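What follows is each chain in one-letter form.
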Amino acid sequence: MKRKRLIALSAVSVTAIAALLISSQTVLISAQNDPTPAQEGQKGDHGQKGDQGHKGDREEPPPPPYNPYPSGILPADLDSEIARVLFEIDGIEAEALAQLRELPPPTLTGLPPILAHTGQRLNVLLGKAMNYDRNISPFKDRACAFCHMPYVGFSGPIPSVNLTMVAYPGSFQFRAGKRTAQRYTYSPSFPVLNFNDTQQAFFGGNFWDSRATGYLLGSPDANQAQGPPVDTQEHMLPDTACIAFRLQSAVYKPFFIEVWGDAIDTIRFPHNTEDICETPGGAKVFGTDTMPIKLSPADRSIANDVYDHWGQSIDQYETSPDVSAFSSKFDAFLKRTYTMTSDEMAGYNLFRGKANCNSCHLDGRSTAPTPPEGTAPNSTDTGAAADTRPVFTCFGSANLGLPLNPRDAFYYQTTPDFFGFTGNPYGFGYRDLGLGTFLRSGFGSWASPNDNWTQFAPTSDGKMQVSSARNVAMTPPQCPTTEAPGPYFQKEFFHNGYIKSLKQLVHFYNTRDVFPFNVTSGHCPAGKTEKVDCWPMPEGNNNMNMTIGKLGLTDTEENQIVAFLQTLTDGFTRPYPNINTYTGACMTGGTAATQGNNFLIPTPQPLTPCASAICGVAPFPNPPIP
């Protein structure tokens, strides 16, 4: 049974929806005149490795792209940029397979059994092969790496997406998520999510909202790796068992078996499994069934184990020096083999003093004391460096008071796509409450595994994970900076991509409360420049971090902090793996202070109130969020 027959099971509803979509949208952007690139991107023809033995190859072209977006949300070069990243992914995947084949096999020995000698490297390289495998998606066009490439510290690799739609398009184009592609360098350092009674705060977990708690695997990072394959806006597989099914015919399966055993080959999949795995998650045909592949209890248990092993091997890759390298100028500075420039050292002193960055992005030292007349440190840190690995995070969460970003593609996914799925029925009534939504098991997050945490949702609303500051400035070598005029690589910062340069990031921390305006993005008063002397109101001001916002930094001091942040980029003491794989172009021109401002769009007025399905879920936000 092919995908078109599977979809036909819900033909009455889906056919009508599809007809409306097909008649109301041609293709889009560059594909408005020529739909071929988008469709070829769906089929994965650019550098395709082949289906690796999968049955059920498609007999019909993919459905037309989903385009509910107003003009300007999707970048004009999106089709060609998707093809570029897929080409780069295939190259690194081929490298991983070659490395696996060249590795001397480990020796299984001892009690408990140990894969001696090369076992750890085998698991790391297995995780690498999995990370770059784009067959792990319905249309075989999305790998984990599609949103996380090494040359940008494993964050978003498409400059035009970072500048415009914020979230990355998934396997069925052009569904997209709601947040930026968070860097996963150093993410394995985060502990299992826990609530600290003394500090009355949560620490650990992965993802911006900490929903990958790690409560089962003991590793939030491994737990995080299990999310994208079945996320309806990312890889979009409709069943976790699709991972085991696709791995049964993966070219690296012998290495998976060497690490995890051969139980994967005993799973008896139904004849329609490929048809199911070719249909994106959320399709109306599935209803609320999250396990549409009908397996015996024993086979389901094995498939679940395979899914756990998927996450564990990817975690080992991300833990390794291939990803989390500790090879920056700062690391050389700690070993006294690098002397910071005057600007870098001044920025470091500000980072751990007046700017108060070190209170959340910990460097393993103390933070300068708070003066009586202020709320932020402005003295000198005299603490000695601790004997620790500084990962530049406190592992906690904070609401920084960022404005709602109307460029986020998620706000516009209010109509059903070809498969009858609606990504965001609330439109601009959606508010990203981060950790608070997760603790309520709310819309757009996962179910919380601990009911005792629910009571803390109101004091967690708006809080997002404090990411490591390491590699925040990493760019491809040919685009040596994140800052205009460049040549630079356009990145996006914070969970909603509102900030477009490190200069803006530091200026926001410095002046959020100096230039506050009761407006939404795109509506700053005449004579004011957004992100310079006008900060729109926060998306949600509950639990806002008040240790920032009025730091009193000069323009020079802001630039010095940027200079220090650039010392946290890996690849100084030894080459950073795969950093030279970027085949795109650099940007030039403009200034870092106003970077991206020519792409601002106005937030719809009046702003839709927060939907009751989000802000009306007990325990309610306090105060209520408008």
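Below, the structure is looked at part by part.

About the thresholds
- Residues numbered from 1 in each chain as written.
- Predicted model: local features only at pLDDT ≥ 70, side-chain atom pairs only at ≥ 80, totals over all residues.
- Heavy atoms only, no water.
- Helix = DSSP H or I, 4+ residues; strand = E, 2+ residues; numbered from the N terminus.
- Buried < 20%, exposed > 50% of the residue type's maximum accessible area, 1.4 Å probe, protein only.
- Contact = heavy atoms within 4.5 Å.
- Areas by Shrake-Rupley, 256 points an atom, 1.4 Å probe, with all protein chains shown as cover.
- Phe/Tyr/Trp six-rings, centres within 6.5 Å; stacked < 30°, edge-to-face > 60°.
- Salt bridge = Lys/Arg side-chain N within 4 Å of Asp/Glu carboxyl O.
- Core = buried A, V, L, I, M, F, W, Y, C linked by side-chain atoms within 4.5 Å.
- Disulfide = S-S within 2.5 Å.
- 1 Å grid on protein atoms, 1.4 Å probe; cavity = no way out; pocket = protein on both sides within 12 Å on 5 of 7 lines; lining within 4 Å.
- Points joined across faces, edges and corners; volume = space filled by probe spheres on them.
- Nonpolar A, V, L, I, M, F, W, Y, C, P; charged D, E, K, R; others polar.
- Polar contact = N/O pair within 3.5 Å; in protein donor to acceptor, adjacent residues only side chain to side chain.
- Patch = residues over 30% accessible without salt bridge, like charges linked within 9 Å, V, L, I, M, F, W, Y side chains within 5 Å.
- Axes fitted to C-alpha atoms, helices over the stretch in contact; angles between N-to-C directions.
- Parallel < 35°, antiparallel > 145°, perpendicular 65-115°, else oblique.
- Left-handed = near helix turned anticlockwise from the far one by under 90°.

A word on the overall build of the protein chain
Alright, step 1. Across its full length, the protein chain holds 17 helices and six strands.
Alright, step 2. In the protein chain, which comprises 626 residues, the proportion classed as buried is 60%.
Alright, step 3. The long-range share in the protein chain, meaning contacts at least 24 apart out of those at least 6 apart in sequence, stands at 74%.
Alright, step 4. With an accessible surface of roughly 23,700 Å², the protein chain has 56% of that area assigned to carbon and sulfur atoms.

Quick notes on the packing of aromatic side chains
Alright, step 1. Under the defined criterion, the tally for this structure stands at 41 aromatic pairs.
Alright, step 2. A ring pair is formed by Tyr-151 and Tyr-582, whose centres lie 5.0 Å apart and whose planes are at 55°; its orientation type is tilted. With a gap of 431 residues between them, Tyr-151 in the loop between helix H5 (119–131) and helix H6 (159–163) and Tyr-582 in the loop between helix H16 (555–565) and helix H17 (612–615) connect regions that are remote in the sequence.
Alright, step 3. Judged by its relative accessible area of 4%, Tyr-582 is buried.
Alright, step 4. A ring pair is formed by Phe-207 and Trp-446, whose centres lie 5.5 Å apart and whose planes are at 80°; its orientation type is edge-to-face.

Considerations on the pattern of salt bridges
Should the charged atoms of two oppositely charged side chains come close, the side chains can pair.
Alright, step 1. Per the counting criterion, the structure on display carries 23 salt bridges.
Alright, step 2. With a shortest N-O distance of 3.1 Å, Arg-121 and Asp-322 are connected by a salt bridge. Placement of the pair is Arg-121 in helix H5 and Asp-322 in the loop between helix H11 (297–319) and helix H12 (329–334), with a sequence separation of 201 residues.
Alright, step 3. Judged by relative accessible area, Arg-121 falls into the partly exposed class, the value being 32%.
Alright, step 4. Each of Arg-179, Asp-209, Arg-211 and Asp-432 takes part in one network of salt bridges that share partners.

Let's talk about the nonpolar core
The nonpolar side chains of a soluble globular protein tend to be buried with one another.
Alright, step 1. Among the nonpolar cores identified, the biggest contains 50 residues, and Tyr-69, Ile-89, Tyr-132, Phe-146, Met-149 and Met-165 are the most heavily contacted of them.
Alright, step 2. Looking at this core, the elements that each hand over two or more residues are helix H4 (78–102) and H17.
Alright, step 3. Ranked by residue count, the leading element in this core is H4, at six residues.
Alright, step 4. Aside from chain neighbours lying at most four places away, what touches Met-149 is Val-85, Glu-88, Ile-89, Ile-92, Tyr-132, Phe-154, Ser-155 and Pro-157.
Alright, step 5. Within the second largest apolar cluster, 45 residues are counted, among which are Leu-126, Ile-136, Met-236 and Phe-418.

Some details on the state of the cysteines
Alright, step 1. For the structure on display, the rule yields four disulfides.
Alright, step 2. Here Cys-242 engages in a disulfide with Cys-277; their sulfurs sit 2.1 Å apart. Because the sign of the S-S torsion sets the handedness, a value of about -95° for the bond joining Cys-242 and Cys-277 places this disulfide among the left-handed ones. Placement of the pair is Cys-242 in helix H8 (residues 241–247) and Cys-277 in helix H10 (residues 273–277), with a sequence separation of 35 residues.
Alright, step 3. On the basis of relative accessibility, which here comes to 0%, the residue Cys-277 falls in the buried class.
Alright, step 4. Disulfide pairing is shown between Cys-479 and Cys-586; the S-S distance is 2.0 Å. The disulfide joining Cys-479 to Cys-586 has a torsion of about -85° about its S-S bond and is therefore left-handed. Of the two residues, Cys-479 sits in the loop between strand S6 (464–465) and helix H15 (502–511) while Cys-586 sits in the loop between H16 and H17, which places them 107 residues apart along the sequence.

Re the environment of Gly-522
Alright, step 1. Relative to the assigned elements, Gly-522 resides in the loop between H15 and H16.
Alright, step 2. Judged by relative accessible area, Gly-522 falls into the partly exposed class, the value being 34%.
Alright, step 3. If we ignore the near neighbours within four places in the chain, the residues touching Gly-522 are Glu-530, Ile-601 and Pro-602.

With respect to the side chain of Thr-520
Alright, step 1. Within the fold, Thr-520 resides in the loop between H15 and H16.
Alright, step 2. Look at Thr-520 and you get buried, because its relative accessible area is 9%.
Alright, step 3. Leaving out residues up to four positions away in the same chain, Thr-520 has contacts with Pro-536, Met-537, Thr-603, Gln-605 and Leu-607.

Quick word on unusual backbone geometry
Negative phi values dominate among residues other than glycine, just as trans dominates among peptide bonds.
Alright, step 1. The omega torsion of the bond from Ala-484 to Pro-485 falls at 10°, within 30 degrees of zero and hence cis.
Alright, step 2. Its place among the elements puts Pro-485 in the loop between S6 and H15.
Alright, step 3. Of note, Ser-210 is a non-glycine position whose phi angle comes to about 65°, a positive value.
Alright, step 4. Within the fold, Ser-210 resides in the loop between strand S4 (201–203) and helix H7 (220–225).
Alright, step 5. Residue Met-236 is not a glycine yet carries a positive backbone phi of 80°.
Alright, step 6. In this fold, Met-236 is placed in the loop between H7 and H8.

Some words on empty space enclosed by the protein
Gaps left between atoms show up when a probe the size of a water molecule is rolled over them.
Alright, step 1. In the structure shown here, the tally under the stated rule is four cavities of 30 Å³ or more.
Alright, step 2. Reported here for the second largest cavity is a volume of approximately 140 Å³.
Alright, step 3. Forming the walls of the second largest cavity are 19 residues, and the residues nearest its centre are Cys-144, His-148, Pro-228, Glu-234 and His-235.
Alright, step 4. Elements with a minimum of two residues in the lining of the second largest cavity: H7 and H11.
Alright, step 5. Among the residues forming the lining of the second largest cavity, the class breakdown is 10 nonpolar, six polar and three charged.

Comments concerning the side chain of Asn-545
Alright, step 1. Structurally, Asn-545 is set in the loop between H15 and H16.
Alright, step 2. In terms of polar contacts, Asn-545 uses its side chain to reach the side chain of Thr-547, at 2.6 Å.
Alright, step 3. Here Asn-545 is in contact with Cys-360, Ala-398, Asn-399, Leu-400 and Arg-512, once residues within four sequence places are set aside.

Re a nonpolar patch on the surface
Alright, step 1. Together, Val-192, Tyr-215 and Leu-216 make up an exposed nonpolar region whose accessible area comes to about 330 Å².
Alright, step 2. Tracing the sequence through the fold places Leu-216 in the loop between S4 and H7.

Overview of the packing of H15 against H16
Alright, step 1. Between H15 and H16, the shortest axis-to-axis distance is 9 Å and the interhelical angle comes to 125°. Looking at the two axes, H15 sits oblique to H16. The element H15 and its partner H16 pack so that their crossing is right-handed. Together, Leu-502, Lys-503, Val-506, His-507, Asn-510 and Thr-511 of H15 and Asp-555, Glu-558, Asn-559, Ile-561, Val-562 and Leu-565 of H16 make up the contact between the two elements.
Alright, step 2. A per-class count over the contact of H15 with H16 returns five nonpolar, four polar and three charged.

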